[in-house]
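Each chain, letter by letter, is given below.
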Amino acid sequence: MINLNDVTKLIEFRRTVKPIDAAGQPNYSDKPVSRATIEQLLNNANWAPTHGLTEPWRFTIYQGSALQDLASYLREAYTTHTSEEQFKEAKRDKMASYAENTQVAIVLGMERHAGKIPAEEEVMAVACAVQNLHLSAAAEGLGGFWSTAPVYDIPEVRSFFGFAGEEDRCLGIFYIGYPKNEWPERKKITPQSVLDKITWR
Ligand SMILES: Cc1cc2nc3c(=O)[nH]c(=O)nc-3n(C[C@H](O)[C@H](O)[C@H](O)COP(=O)(O)O)c2cc1C
């Protein structure tokens, strides 16, 4: 059996570590993430709960020189699909910079299985898979960051990533890399007490 205290430790240990810090400096080291490790993390993601066993999660991986292609594509996609009023140069540069400063980018897709299972339940299943992925990354000492932005889920953009079905979704990009600096010990702001979020009946 698995020990609850060990699981609790892993859950509390998991942290968001972005490819760059607030000053734009790299947060990940140059240490590569092996293909075997990526496959192990995604195999754990693949064990997520899934209503109707539709297993809707899909992953498109960028690494090595492909990351520069991803950065260029994100830059272009954000520019093309953002209105003049909404457009922020800093946002465009940050989006590209995540791709330029990561070891691996995992684009997160939801492949829709139209039928009995509502679409939102398939989205929820993908989120469960991402949590498996993030916890597994933490256990390997890998920093992980789930990046979301409306542009990722525009039909043309999600098709580019390989999620081309009419009701498919692109739910973000998950970045991983071995941290350059100390592992963030605890959140500065720890979660508010769960006791305030429970109603006992
Ligand atoms: C669905 C989802 C989307 C997220 N998208 C972003 C994002 O686009 N940008 C960002 O800075 N953080 C994003 N985050 C990460 C949160 O900022 C992070 O989880 C939060 O700060 C708590 O930190 P922790 O993960 O270390 O506990 C996202 C988290 C989730 C679950």
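To be clear, the structure that these remarks concern was listed above.
Predicted model only: the values in this text are computed from it and were never measured.

**Focus: the overall build of the chain**
(1) Moving on: Across its full length, the chain holds 6 helices and 4 strands.
(2) Moving on: Ordered by position from N to C terminus, the α and β elements of the chain give α-α-β-α-α-β-α-β-α-β.
(3) Moving on: For the chain, the C-alpha radius of gyration of 18 Å lies close to 17 Å, the compact-globule estimate for 201 residues.
(4) Moving on: Here the chain, with 201 residues, has 31% of them falling under the buried criterion.
(5) Moving on: A sequence separation of at least 24 residues applies to 80% of the contacts in the chain between residues at least 6 apart.

**A few points about helix 2 (residues 35-45)**
(1) Moving on: Among the residues making up helix 2, those that are buried are Ile38, Leu41 and Ala45. The arc enclosing the buried residues of helix 2, seen along the axis, measures out at 65°, which places them on a common side. Among the exposed residues of helix 2, those oriented more than 90 degrees off its buried face are Ala36, Glu39 and Asn43.
(2) Moving on: The elements touched by buried residues of helix 2 are strand 1 (57-63), strand 2 (104-110) and helix 5 (119-139).

**What to know about the nonpolar core**
Note that soluble globular proteins tend to have their nonpolar side chains buried in a common cluster.
(1) Moving on: Ala105 and Leu108 are the most contacted members of the largest nonpolar core, which totals 40 residues.
(2) Moving on: Not counting chain neighbours up to four residues away, the residues in contact with Ala105 comprise Tyr62, Leu67, Leu70, Ala99, Ile173 and Tyr175.

**Describing the sheet that holds strand 4 (residues 169-177)**
(1) Moving on: Within the open sheet, the 4 strands sit side by side as 1-2-4-3. Their pairing is antiparallel. Every other strand in the sheet has two partners, leaving strand 1 and strand 3 (143-147) as the edge strands with one partner each. Ignoring strand direction, the axes of neighbouring strands in this sheet form an average angle of 20°.
(2) Moving on: Pairing of strand 1 with strand 2, which is carried by 7 bridges, proceeds in the antiparallel orientation. Residue pairing across strands places Trp57 opposite Met110, the latter belonging to strand 2.

**Comments concerning the pairing of strand 4**
(1) Moving on: Counting buried residues in strand 4 gives 9 out of 9 residues, a clear majority hidden from the surface.
(2) Moving on: Bridge analysis of strand 2 against strand 4 gives 7 bridges, and the strand direction is antiparallel. Looking at strand 4, one finds that Val107 is bridged to Ile173.
(3) Moving on: Both strand 3 and strand 4 contribute to a ladder of 5 bridges, which runs antiparallel. Each bridged residue has a counterpart across the sheet, and for Phe145 the counterpart in strand 4 is Tyr175.

**Comments concerning the environment of Ala48**
(1) Moving on: Among the structural elements, Ala48 can be located in the loop between helix 2 and strand 1.
(2) Moving on: Classification of Ala48 by C-beta neighbours within 10 Å gives partly exposed; the count is 19.
(3) Moving on: Between the C-alpha atoms of Ala48 and Leu133, which are 85 residues apart in sequence, the distance is 9.4 Å.
(4) Moving on: For Ala48, the contacting residues outside a window of four places in its chain are Trp57, Ala125, Cys128, Ala129 and Asn132.

Conventions adopted
Residues numbered from 1 in each chain as written. Predicted model: local features only at pLDDT ≥ 70, side-chain atom pairs only at ≥ 80, totals over all residues. Helix = DSSP H or I, 4+ residues; strand = E, 2+ residues; numbered from the N terminus. Rg over C-alpha atoms; globule rule 2.2 N^0.38 Å. Buried ≥ 20, exposed ≤ 12 C-beta atoms within 10 Å, placed from the backbone. Contact = placed C-beta atoms within 7 Å. Arc of directions from axis to C-beta. Core = buried A, V, L, I, M, F, W, Y, C linked by C-beta atoms within 7 Å. Pairing = 2+ DSSP bridges. Axes fitted to C-alpha atoms, helices over the stretch in contact; angles between N-to-C directions.

All quantities given are derived from atomic positions and should not be read as evidence of function.
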